[in-house]
Amino acid sequence: MNESSLLSIFSTFGDISDVQLPRQTDQVSKHRGYAFITYTQEEDAEDAMDNMNLNELHGAWLQEHNTAAQDADPQAG
């Protein structure tokens, strides 16, 4: 899994402004098992979460979270 493949998969839901795939600090070639995908429109992000949450992608189960909403409201969990 890399940024290009995530962009290809998730861009079906709308325009993406950023894809971040954090890497292991001791092994740059290995990712940590999560990614941050930023859509230009909130509705597109919600559509992606609704459609991809709890689906399998390359042998891993996806769990979608809206971190922008959590960042906007510090009380959100």
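Up top you'll find the structure we're talking about.
Residues numbered from 1 in each chain as written. Predicted model: local features only at pLDDT ≥ 70, side-chain atom pairs only at ≥ 80, totals over all residues. Heavy atoms only, no water.

S.K.: For the overall build of the protein chain, give the residues involved together with the corresponding values.
M.R.: Helix and strand counts for the protein chain come out as 3 helices and 4 strands. What you see in the protein chain, going N to C, is helices and strands ordered as α-β-β-α-β-β-α. In the protein chain, which comprises 77 residues, the share counted as buried stands at 22%. Across the protein chain, the fraction of contacts at a sequence separation of at least 24, relative to all contacts at a separation of at least 6, is 33%. Here the protein chain displays about 5600 Å² of accessible surface, and carbon together with sulfur accounts for 45% of that area. (Helix = DSSP H or I, 4+ residues; strand = E, 2+ residues; numbered from the N terminus. Buried < 20%, exposed > 50% of the residue type's maximum accessible area, 1.4 Å probe, protein only. Contact = heavy atoms within 4.5 Å. Areas by Shrake-Rupley, 256 points an atom, 1.4 Å probe, with all protein chains shown as cover.)

S.K.: Give me the lowdown on the environment of D15, citing residues and values where you can.
M.R.: Here D15 shows up in the loop between α1 (3-10) and β1 (16-20). The spacing of D15 and A45 is 30 residues in sequence and 9.3 Å in space, taken between C-alpha atoms.

S.K.: Account for a negative patch on the surface, naming residues and giving values.
M.R.: On the surface, E42, E43, E46, D47 and D50 cluster together to form a negatively charged patch. With respect to the element layout, E46 can be found in helix α2 (residues 42-52). Given the relative accessible area of 35%, E46 is considered partly exposed. (Patch = residues over 30% accessible without salt bridge, like charges linked within 9 Å, V, L, I, M, F, W, Y side chains within 5 Å. Salt bridge = Lys/Arg side-chain N within 4 Å of Asp/Glu carboxyl O. Lys, Arg positive; Asp, Glu negative; His and termini not counted. Charge placed at Lys NZ, Arg CZ, Asp CG, Glu CD.)

S.K.: With reference to specific residues and values, describe the environment of T12.
M.R.: Looking at where T12 falls in the secondary structure, it is placed in the loop between α1 and β1. Owing to a relative accessible area of 61%, T12 belongs among the exposed residues under this scheme. Between the C-alpha atoms of T12 and A48, which are 36 residues apart in sequence, the distance is 8.4 Å. Within polar-contact distance, the side chain of T12 engages the backbone oxygen of I9 at 3.0 Å. (Polar contact = N/O pair within 3.5 Å; in protein donor to acceptor, adjacent residues only side chain to side chain.)

S.K.: Any details on the pattern of salt bridges? Residues and values, ideally.
M.R.: Per the counting criterion, the structure on display carries 1 salt bridge. One salt bridge connects E3 with R23, and the closest N-O pair in it is separated by 3.1 Å. You can see E3 sitting in helix α1 and its partner R23 sitting in the loop between β1 and β2 (36-39), a full 20 residues away along the chain.

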